[in-house]
Amino acid sequence: MVKTMDKKLEPIVKAMQSKFSATLEEFRAEVHLFVKPEQIVDALTLLRDEYNFELLSALTAVDYHPQSTPRFHVIYQLTSLAKNLSVQLRVPVNGDSPKVPTVTRVYAMANWRERELIDMFGIEVEGHPDPRRILMPDGTEGHPLRKDFPLGYEEPQFTFNFDEIDLRKPYAKE
Amino acid sequence: MGVEQKLGNMGVVTTTLENVVNWSRTNAMWPMLFGLACCAIEMMSAQAAHYDMSRFGMELMRASPRQSDLMIVAGRVSKKMGPVLRRLYDQMPEPKWVIAMGDCASCGGVFNNYAIYQGVDEVVPVDVYVAGCPPRPEALIHGVLTVYEKVKGDTFKDLAKR
Amino acid sequence: MSQIEEVSLEQFKHLVSERALTGETMLLNMGPQHPSTHGVLRLLLELDGEIVVNCIPDIGFLHTGIEKNMEAKTYQKAEVMTDRLDYMNTMGNNLAYVMAVEKLIDVDVPARAQALRVILVELQRIASHLVWLGTSGLDLAAMSMFLYCFREREQILDIFELVSGQRMMTTYIRPGGVWRDVPVEFEKAVRDFIKIFPKRIDEYETLLTKNPLFIDRMVDIGYLSKETALSYGVTGPVLRASGVDWDLRKARPYMGYEQYDFNVPIRTEGDTYARYLVRVQELRESLKIVEQALNKLPMGPVRSDNRKFVPPPRSEIGVSMESLIHHFKLWTEGFPAPKASVYSAIESPRGELGVFLEGDGGPKPLRVHMRTPSFDNLGVLSQIVKGYLVADLVAILASIDIVLGDIDR
């Protein structure tokens, strides 16, 4: 397993550090660059146009609840096909009014993934062309992938508690 | 029945109308083509050449609920799908039967969480549960044959009550 | 239980053309119960006569909460969830998740386990493409394709059953190796398959590839340009049919793919027929990999001996106290993983299957995100169906090869 950062990534990291004062974290040869929410559109545009990161592989978020500043990290995983490189951008977002600008104008793929952010994390995406829920039905309360959303465990039926649960289970009628 | 002995070997069989109707229902049961998740693939396998469900008069999967009398709920039912499933069930003509295929449809399976109904019996009344994740095609065929057993025991009186 | 929500045109005003508002074009609902949407996908179509003006996919009918549920389980136990994501590619899902876990905890995999993984994942790719070939044949009214493809698929499922005891949800690939070594019958079963399958591919091709009806339905339908594909994050055979040479097995070899000699089929046409040709060619290439891996299959252990993360073999538990303790600790408490995140991706039959995994220092993951290829591949659908007939929409949808479990998660 390769343990250090790819040499070809060094100029890219340097450019990101000087232009956006991004901070760098490295783990198992993966490069994570932290940028501010207002810089993300420019940062992605730069990476796509100057450094051939044509593909936005993944766009997701992590919830660090109960920590609130920052509560979320929004993650942009980029891939360069031409140079065979990967880089990850992380945008810390605070918990009180989580907000990131839309990147659909840079990568069209972000459209659905950002709708997923809106739906599953309740992170507002400013300027999104179609900010509806994507996976959960309309009218669902809460955002499932937040840590304070309960998993929704129901007690399974076994022999010893079969009758008790049977009584309260909402069986459908004809 | 009594008549056979008198008629002898004349090729006449007597039975009740209930038996004839139930027998014909079991031999031409049209399931609804209703695949939800993984179990749908095993349902397709059961339809395909190797397991060949048409041996039991089930070669026709109908895509429309209005033409089918057996609903095989093959897979997990999410909270978003539940109302749709119910509407499909309501659109099927009487008499109708439901098989909950697989663990997810029977009791929620491994997905004990916010998104999945813990058993499709919360949405539609179920006649036969087939266990397995996913059940093998043989298990599904066994489930179908169990439905047939149930159908054979139906009386007009019971069906009228439904 | 809640009721079906009636939708109003008001909700979709920004997604349809102005003509829909005046009633000049028609809005048609397709799905979620429809035979050719390959599952529970709902498409809202704006039609001008028979021509698709706009297509708005509505997903989430199979949303299972897998990502949330995995956070509540230990690393090993969360693996059973991955099988049920993309149920055509269970071995591949296991591999993708397990590779992410191995990267996080830094465990190496023995050579034999790597080769076994490659064989099984490639067989799974063949099985997945066979289901695609059968069902997309069915969508274009070629019923016999379905029967033939499922015949060969059964043979692969028999191999899976032989090694893992289950036909579909195998969970055979485990962190640090595989569950246990393959039985002695394995080699013969795979060799039998390698022997008959090339002839079977020829059979499929005689039925479809030069069939004029099939060509009429496929050629120049659903054109997808290179630029659109990349911008929408499309990967896998769909991207390769648009002329982009990108296969993670070649670009970033994992599990020793660099030892095997295989080609990555590329087409430049970008239509549904090109996507068909790429996948059929992939069947042959996958078979080549299986054969080479089987010929080279090294002997040795199939599981890492790093006892802090990988359970000891059954035989050791009876004789070694330490093994018993490790076994007990690993299956009750799980292993702690570092507080860090990794992203690792494999080439699934549908494209880049990535797993983003973040640990919090404990035995359960803080966040698991599956970057599922079908999700992004479906995102491009609304762009490539515009201007084609409704009947073509069925062919295009089939050529993208979506799996709803993969999309909704």
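A short tour of the structure in this document, coming up. Values in this document were obtained by computation on a predicted structure and should not be read as measured data.

1. What to know about the overall build of chain C
Okay, so step 1: Helices and strands together make up the secondary structure of chain C, namely 18 helices and eight strands.
Okay, so step 2: Here the C-alpha radius of gyration of chain C, 22 Å, is about what a compact globule of 409 residues would show, namely 22 Å.
Okay, so step 3: Looking at chain C residue by residue over its 409 residues, the buried ones come to 65%.
Okay, so step 4: Residue pairs in contact within chain C that sit at least 24 positions apart in sequence constitute 70% of those at least 6 positions apart.
Okay, so step 5: Only carbon and sulfur atoms are counted for the fraction: they give 55% of the accessible area of chain C, which is about 14,300 Å².

2. Things to note about the sheet that holds strand S2 (residues 70-74) of chain B
The pairing of strands in a sheet happens through backbone hydrogen bonds and is either parallel or antiparallel.
Residues and elements named next belong to chain B.
Okay, so step 1: The sheet built from four strands is open, its strands ordered S1-S2-S3-S4 with parallel pairing. Each having just a single partner strand, strand S1 (31-32) and strand S4 (128-130) make up the two edges of the open sheet.
Okay, so step 2: Sheet topology note: the strand S3 (residues 97-101)/S4 ladder contains three bridges and is parallel. Each bridged residue has a counterpart across the sheet, and for Ala100 the counterpart in S4 is Tyr129.
Okay, so step 3: Relative to the sheet, helix H4 (residues 82-91) contacts S1, S2 and S3, its axis offset from that of S2 by approximately 165°.

3. Some points on the pattern of salt bridges
Two side chains of opposite charge can pair, provided their charged atoms sit close to one another.
Okay, so step 1: Going through the model one piece at a time under the given rule, you end up with 53 salt bridges over all chains.
Okay, so step 2: With a closest N to O distance of 3.9 Å, Lys169 of chain A and Glu122 of chain B form a salt bridge. In this pair, Lys169 of chain A is assigned in the segment after helix H4 (162-168) and Glu122 of chain B in the loop between helix H5 (102-107) and S4, connecting two distinct chains.
Okay, so step 3: Of the residues examined, Glu122 of chain B reaches a relative accessible area of 12% and is grouped as buried.
Okay, so step 4: Of the charged contacts, one joins Glu161 of chain C and Arg136 of chain B as a salt bridge, the two residues approaching to 2.5 Å between their closest N and O atoms. Of this pair, Glu161 of chain C sits in helix H6 (residues 143-164) while Arg136 of chain B sits in the loop between S4 and helix H6 (137-152), which puts the two residues in different chains.
Okay, so step 5: Overlapping salt bridges bring together Arg113 and Glu116 of chain A together with Glu67, Arg367, Arg371, Asp376 and Arg409 of chain C as one network.

4. Focus: helix H7 (residues 185-208) of chain C
Okay, so step 1: The end-to-end C-alpha distance of H7 of chain C is 34 Å, a good match for the 34 Å that 24 residues give at a rise of 1.5 Å each.
Okay, so step 2: The largest bend in H7 of chain C is about 35°, located at Phe197 of chain C, with the proline Pro198 of chain C one to four residues further on.

5. Some thoughts on the interface of chain A and chain C
Okay, so step 1: Counting residues at the interface gives 48 residues for chain A, matched by 52 residues for chain C.
Okay, so step 2: The junction of chain A with chain C conceals about 4,100 Å² of combined surface from both sides, 56% of it contributed by carbon and sulfur atoms.
Okay, so step 3: When the buried surface of chain A facing chain C is broken down by residue, Trp112, Arg113 and Leu135 of chain A rank first, second and third, together holding 16% of it.
Okay, so step 4: Counting across the chain A and chain C interface gives six salt bridges.
Okay, so step 5: Residue Asp106 of chain C pairs with Arg28 of chain A through a salt bridge whose shortest N-O separation is 4.0 Å.
Okay, so step 6: If you look at where chain A meets chain C, you find 26 residue pairs in polar contact (both at pLDDT 80 or more).
Okay, so step 7: For the side of chain A that touches chain C, the secondary-structure elements that each account for two or more residues are strand S2 (30-34), strand S3 (55-63), strand S4 (72-80), strand S5 (85-93) and helix H3 (110-121) of chain A.

6. Some thoughts on the pairing of strand S3 (residues 51-58) of chain C
On a regular strand, each side chain points to the face opposite its neighbour's, so the side chains alternate between the two faces of the sheet.
Okay, so step 1: The element S3 of chain C is extensively covered by neighbouring structure, given that seven of its eight residues are classed as buried.
Okay, so step 2: In this structure, the hairpin formed by strand S2 (residues 42-48) of chain C and S3 of chain C is closed by a connection of two residues, where Gly49 of chain C is found at a positive phi of approximately 70°.

7. Things to note about helix H5 (residues 111-139) of chain C
All names here are of chain C.
Okay, so step 1: Between its first and last C-alpha atoms H5 spans 42 Å; for 29 residues at 1.5 Å apiece the expected length is 42 Å, and the two agree.
Okay, so step 2: Counted residue by residue, H5 has 26 buried out of 29 residues, so it is predominantly covered.
Okay, so step 3: Note on H5: the residue one or two positions beyond its end, Ala141, has a positive phi of about 70°.

8. Some remarks on empty space enclosed by the protein
Okay, so step 1: Inspection of every chain in the model, using the stated rule, returns three cavities of 30 Å³ or more.
Okay, so step 2: Size it by volume and the largest cavity reaches roughly 80 Å³.
Okay, so step 3: Per-element accounting of the lining of the largest cavity gives the leading share, three residues, to H5 of chain B.
Okay, so step 4: What the second largest cavity holds in volume is close to 40 Å³.
Okay, so step 5: Contributing elements (two or more residues each) for the lining of the second largest cavity: H3 of chain A together with helix H2 (66-71) of chain C.
Okay, so step 6: No other element matches the three residues that H2 of chain C contributes to the lining of the second largest cavity.
Okay, so step 7: For the lining of the second largest cavity, the class distribution of residues is five nonpolar, two polar and five charged.

Cut-offs used in this document
Residues numbered from 1 in each chain as written. Chains lettered and ligands numbered in written order. Predicted model: local features only at pLDDT ≥ 70, side-chain atom pairs only at ≥ 80, totals over all residues. Heavy atoms only, no water. Helix = DSSP H or I, 4+ residues; strand = E, 2+ residues; numbered from the N terminus. Rg over C-alpha atoms; globule rule 2.2 N^0.38 Å. Buried < 20%, exposed > 50% of the residue type's maximum accessible area, 1.4 Å probe, protein only. Contact = heavy atoms within 4.5 Å. Areas by Shrake-Rupley, 256 points an atom, 1.4 Å probe, with all protein chains shown as cover. Pairing = 2+ DSSP bridges. Axes fitted to C-alpha atoms, helices over the stretch in contact; angles between N-to-C directions. Salt bridge = Lys/Arg side-chain N within 4 Å of Asp/Glu carboxyl O. Expected span 1.5 Å × (residues − 1). Bend = angle between axes of the 7 residues up to and from the residue. Buried area = accessible area lost by both parts, 1.4 Å probe. Polar contact = N/O pair within 3.5 Å; in protein donor to acceptor, adjacent residues only side chain to side chain. 1 Å grid on protein atoms, 1.4 Å probe; cavity = no way out; pocket = protein on both sides within 12 Å on 5 of 7 lines; lining within 4 Å. Points joined across faces, edges and corners; volume = space filled by probe spheres on them. Nonpolar A, V, L, I, M, F, W, Y, C, P; charged D, E, K, R; others polar.

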